[in-house]
Amino acid sequence: MLTQALAVQKDHGCPVDAISRAYLGFAGGDAGIALRCAIADALSDLMDAERRTRERSRLISRGYIREAPATAGKAGS
């Protein structure tokens, strides 16, 4: 929703200003609501990034564990 507003915006200035204007516009000019929305979006993005990192970590661990016995079996031959 706000990403679309930012994409449509023709402002090539400071991205912080563009983002703050987009949030203020979405919040109807209420700075408190705009700040809360920005914080909620940032926390959501952070949690999503952490989730993706954990998923990658599990995939790497599973691959290592699956590969270890085959490697050990070859070394014992």
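Everything below is about the structure printed above this text.
Nothing here was measured: the structure is a model prediction, and the numbers come from that model.

Peer 1: I keep staring at the overall build of the chain and nothing clicks. Help me out?
Peer 2: Counting its regular elements, the chain contains three helices and zero strands. If you list the helices and strands of the chain from N to C, you get α-α-α. Counting all 77 residues of the chain, 9% fall into the buried class. When the accessible surface of the chain is split by element, carbon and sulfur atoms take 63% of a total near 6300 Å².

Peer 1: How should the pattern of salt bridges be read in this particular structure?
Peer 2: Note that side chains of opposite charge can pair when their charged atoms are close. Under the definition given, this model contains three salt bridges. The salt bridge partner of Arg51 is Asp48, with a shortest N-O separation of 2.4 Å. With Arg51 and Asp48 both in helix α3 (residues 31-76), this residue pair falls three residues apart, about one helical turn. Taking the shortest distance from any N to any O, the salt bridge between Arg51 and Glu55 comes out at 2.8 Å. Of this pair, Arg51 and Glu55 both sit in helix α3, separated by four residues, roughly a single helical turn. Among the residues examined, Glu55 registers a relative accessible area of 32% and is labelled partly exposed.

Rules used throughout
- Residues numbered from 1 in each chain as written.
- Predicted model: local features only at pLDDT ≥ 70, side-chain atom pairs only at ≥ 80, totals over all residues.
- Heavy atoms only, no water.
- Helix = DSSP H or I, 4+ residues; strand = E, 2+ residues; numbered from the N terminus.
- Buried < 20%, exposed > 50% of the residue type's maximum accessible area, 1.4 Å probe, protein only.
- Areas by Shrake-Rupley, 256 points an atom, 1.4 Å probe, with all protein chains shown as cover.
- Salt bridge = Lys/Arg side-chain N within 4 Å of Asp/Glu carboxyl O.

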